[in-house]
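# Coordinate analysis (summary)
What follows is the residue order along each chain.
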Amino acid sequence: MKKIVLAAALAALASGAQAPAQAQTPQPADWLTLHFSADLNKPADVAWERVGGNDWCAIAKYLDVKSCEVVSGKGELGSIRTINGTVVENVVARTKYSYTYAQPFTPIFYHGTMEVVPVSATTSRLVYTLIWNQNGYPDDKTRAEQREGRKVRFQAAVDKMAAAANAP
């Protein structure tokens with residue numbers, strides 16, 4: 001039996017075939033989660049509409065991106081949008097007052113959730129949550145830059161959404 005296996009291996013080498021690559025053990029994920037929120041003086045129905053929850057590309061005006069295009073769907077589960085023509089996001093979860101999107105083609109397995117949480121009959125709370133695997137970035141410096149940049153950018157976006165929701 002050993003001779004047959006050895007002969008097969010030698011034949012494969014002689015023909016130029018390569019042995020199967022050893023599977024690499026993936027590095028454990030290093031998940032980072034950021035939460036942003038703002039109190040809203042409007043009921044959830046009104047706030048959700050005002051922050052653009054029913055318009056999947058409304059986020060573009062709050063994040064100051066150059067473009068947002070819905071490529072497929074209308075914001076329901078499975079819909080796809082592109083941000084600035086290169087970032088692909090798809091809806092992976094949806095409720096009456098929330099959506100969660102993923103960026104499936106990134107090494108950081110990035111996800112974001114925007115939601116309006118009813119607090120009372122006349123108030124609500126805007127919550128924006130981001131999560132990603134920091135191991136997709138090459139070093140601690142890049143990880144820190146990405147984290148701090150998102151903190152500034154998304155807090156500014158939440159502040160703009162709160163201003164829109166709270167406007168008279």
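Everything here concerns the structure above.
From a predicted model like this one, the values you see are computed outputs, not experimental measurements. (Residues numbered from 1 in each chain as written. Predicted model: local features only at pLDDT ≥ 70, side-chain atom pairs only at ≥ 80, totals over all residues. Heavy atoms only, no water.)

## Quick word on the pattern of salt bridges
- As enumerated under the stated definition, the model contains seven salt bridges in all.
- D39 serves as the salt-bridge partner of R125, at 2.1 Å between the closest nitrogen and oxygen. Of this pair, R125 sits in strand β7 (residues 124-133) while D39 sits in strand β1 (residues 31-40), and the two are 86 residues apart along the sequence.
- The partly exposed category is assigned to R125, whose relative accessible area is 30%.
- The salt bridge partner of E148 is R147, with a shortest N-O separation of 3.3 Å.
- Residue classification places E148 among the partly exposed residues on the basis of a relative accessible area of 39%.
- Among the charged side chains, a network of salt bridges with common partners joins R147, E148 and K151. (Salt bridge = Lys/Arg side-chain N within 4 Å of Asp/Glu carboxyl O. Helix = DSSP H or I, 4+ residues; strand = E, 2+ residues; numbered from the N terminus. Buried < 20%, exposed > 50% of the residue type's maximum accessible area, 1.4 Å probe, protein only.)

## Side note on the nonpolar core
- M114, V116, Y128 and M161 are the most contacted members of the largest nonpolar core, which has 35 residues in total.
- Of all elements in the fold, only β1, α2 (44-50), α3 (59-63), β5 (98-102), β6 (111-118), β7 and α4 (140-166) reach the threshold of two or more residues within this core.
- No other element matches α4, which puts six residues into this core. (Core = buried A, V, L, I, M, F, W, Y, C linked by side-chain atoms within 4.5 Å.)

## With respect to the sheet that holds β6
- Here we have seven strands laid out as an open sheet, ordered β1-β7-β6-β5-β4-β3-β2, and antiparallel in their pairing. Edge positions in the open sheet fall to β1 and β2 (68-72), since each of these has one partner strand only. Strand-to-strand, the axes of this sheet are offset by a mean angle of 25 degrees, without reference to chain direction.
- With four bridges joining them, strand β3 (residues 80-83) and strand β4 (residues 87-95) adopt antiparallel strand pairing. Within the sheet, the bridge partner assigned to R81 lies in β4 and is E89.
- On top of the sheet, α4 reaches β1, β5, β6 and β7; it is set at about 20 degrees to β1, its chief contact. (Pairing = 2+ DSSP bridges. Axes fitted to C-alpha atoms, helices over the stretch in contact; angles between N-to-C directions. Contact = heavy atoms within 4.5 Å.)

Geometric descriptors of this kind do not, in isolation, establish any biological role.
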